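Summary of the model geometry
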Amino acid sequence: MKIIQSPQEMQEISAGLRISKNTIGFVPTMGALHQGHLSLIQKCRKENDTAVVSIFVNPIQFGPSEDYQKYPRSLPQDKKLLESVSADFLFVPEANEMFPFGYQTKITVESLSAPLCGKFRPGHFQGVATIVMKLFHIVIPTRAYFGEKDYQQFRIIKQMAADLNLPVEILPCPTAREPDGLAVSSRNQYLSALERKHAPLVYQSLLEGGKLVEKKEKKPEVIRTAVIKKLQESSLISIEYVEIVHPETLVPVREIDETVLLALAVRIGKTRLIDNLMIQPAS
Ligand code: AMP
């Protein structure tokens, strides 16, 4: 695996590969790699001639009171993991190369960035869309892979690619989970042992909502109430939001008569966790 720091060098390599008709698969990450990331990289590896992974803890997607400084960084371990899944290139730029003094261009995907996490993390998705757009220009991927765990992010990037005619296919990948159902996340390592014990309730609450829809419950409020009740079984969990939205528009639905996204964000202690479930009503 080749490690590239310079955006210009990465861009030159990618341009050369594309000219010689190589397909480039791309997985952007913030590092502290885990099974969730690896599942994306394995799919990327299978479907493309060249697999590029980026590791960049993007300062402009963190709010002033968020965890940018203490976000887990584990580059030596990440490199080993990337070797084990046969990535071809690791792109690890420095923050001051990506956002040099005087940088001023941002990408806003308007409506999709407003609800769900957007309400609680102002500017977050603008930061995400901007860095992904920059990375696309540097890596020039044929296909890019995003986890459904961050469903709103996936949806925003797909919209950005369509709106701006980007010649890249945006592909969703299923959420990797721990054996007890907790969605794998770099932030899970912030959880204390006790908090970790309570964390599976997050996925269990989503399944509870899913079961009700399977039993033909059509009222979103009934589902929300059941999910909230399940989460409240733990005094360590505080709820940011529980929403049932249309998977394309992310607008709350009034009645469940087609596939919906049940999405939530909670805090367990100081750790913010998100998860979601796509639910199809029984026919
Ligand atoms: P991050 O490093 O958190 O920015 O994540 C990089 C990519 O990995 C994003 O597309 C995430 O959605 C994806 N990802 C993170 N956790 C998981 C997971 N548990 N399952 C699948 N994909 C994930």
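What you see is a predicted model; the values in this text were computed from it and never measured.

Cut-offs applied
- Residues numbered from 1 in each chain as written.
- Predicted model: local features only at pLDDT ≥ 70, side-chain atom pairs only at ≥ 80, totals over all residues.
- Heavy atoms only, no water.
- Near = heavy atom within 4 Å.
- Polar contact = N/O pair within 3.5 Å; in protein donor to acceptor, adjacent residues only side chain to side chain.
- Areas by Shrake-Rupley, 256 points an atom, 1.4 Å probe, with all protein chains shown as cover.
- Helix = DSSP H or I, 4+ residues; strand = E, 2+ residues; numbered from the N terminus.
- Pairing = 2+ DSSP bridges.
- Axes fitted to C-alpha atoms, helices over the stretch in contact; angles between N-to-C directions.
- Contact = heavy atoms within 4.5 Å.
- Phe/Tyr/Trp six-rings, centres within 6.5 Å; stacked < 30°, edge-to-face > 60°.
- Lys NZ or Arg CZ within 6 Å of the ring centre and 35° of its normal.
- Buried < 20%, exposed > 50% of the residue type's maximum accessible area, 1.4 Å probe, protein only.
- Core = buried A, V, L, I, M, F, W, Y, C linked by side-chain atoms within 4.5 Å.
- Domains from an automatic or database assignment.
- Salt bridge = Lys/Arg side-chain N within 4 Å of Asp/Glu carboxyl O.

Re the site of the ligand
- Met-30, His-37, Asp-150, Ala-176 and Val-184 are the nearest of the 17 residues found near the ligand.
- His-37 places a side-chain nitrogen or oxygen 2.8 Å from an oxygen atom of the ligand.
- When the free accessible area of the ligand is taken as 480 Å², the share hidden by the protein chains comes to 93%.
- Here the element with the most residues in the shell around the ligand is helix α2 (residues 35–47); it accounts for 3 residues.

Comments concerning the sheet that holds strand β8 (residues 260–268)
- As summarised here, the arrangement of the 3 strands in space is β7-β8-β9, forming an open sheet in which the pairing is antiparallel. Where the open sheet ends on each side, the last strands, each with one partner, are β7 (237–245) and β9 (271–279). Within this sheet the neighbouring strands show an average axis-to-axis angle of 15°, counted without direction.
- Judged from the 8 bridges that link them, β7 and β8 form a sheet pairing that is antiparallel. The residue bridging Ser-238 from the neighbouring strand is Arg-267, located in β8.
- Each of β7, β8 and β9 is contacted by helix α10 (residues 201–214), which is oriented at about 25° to β9, the strand it contacts most.
- Taken strand by strand, helix α11 (residues 220–231) contacts β7 and β8, and its axis lies near 160° from that of β7.

Things to note about the packing of aromatic side chains
- Scanning the model with the defined rule gives 8 aromatic pairs in all.
- Their ring planes at 25° and their centres at 5.8 Å tell us that Phe-120 and Tyr-241 sit as a pair that is stacked. Highlighted residues: Phe-120 in helix α6 (residues 117–120) and Tyr-241 in strand β7, separated in sequence by 121 residues.
- The aromatic ring of Tyr-203 is capped on one face by Arg-177, whose charged end is 3.7 Å from the ring centroid.

Section: unusual backbone geometry
- Phi is positive for Ala-32, which is not a glycine, with a value near 50°.
- Structurally, Ala-32 can be placed in the loop between β2 (24–29) and α2.
- Here Asn-165, not a glycine, exhibits a phi torsion of approximately 55°, which is positive.
- As for its position among the elements, Asn-165 is in the loop between α8 (151–163) and β6 (169–173).
- When its relative accessible area of 65% is taken as the criterion, Asn-165 is described as exposed.

Notes on the pairing of β9
- For β9, the buried fraction is high: 8 of the 9 residues fall into the buried class.
- Two elements, β8 and β9, share 9 bridges in a ladder whose sense is antiparallel. Residue pairing in the sheet places Leu-261 in a bridge with Met-278 of β9.
- The antiparallel hairpin formed by β8 and β9 contains 2 residues in its connecting segment, where Gly-269 sits at a positive phi of about 60°.

Some details on the nonpolar core
- Of all hydrophobic cores here, the largest spans 44 residues; its most connected members are Phe-136, Met-160 and Ile-170.
- Looking at this core, the elements that each hand over two or more residues are α1 (7–19), β2, β4 (89–91), α7 (124–139), β5 (143–147), α8, β7 and β8.
- Taken together, domain 1 (2–173) and domain 2 (186–277) each give at least three residues to this core, which thus spans both.
- If we ignore the near neighbours within four places in the chain, the residues touching Met-160 are Ile-107, Val-109, Ala-129, Val-132, Met-133, Phe-136 and Leu-166.

Side note on the pattern of salt bridges
- For the coordinates displayed, the defined rule picks out 15 salt bridges.
- Linking Glu-233 and Lys-230 is a salt bridge whose minimum nitrogen-to-oxygen distance equals 3.4 Å.
- A relative accessible area of 55% places Glu-233 in the exposed class.
- Lys-230 sits in the buried class, given a relative accessible area of 17%.
- Residues Arg-267 and Glu-240 are paired through a salt bridge, measuring 3.4 Å at the closest nitrogen-oxygen approach. Here the residue Arg-267 occupies a position in strand β8, and Glu-240 occupies one in strand β7, the gap between them amounting to 27 residues.
- Judged by relative accessible area, Glu-240 falls into the buried class, the value being 18%.
- Each of the salt bridges in this network shares a partner with another, and the network as a whole consists of Glu-240, Arg-267 and Arg-272.

None of this, on its own, says anything about what the molecule does.
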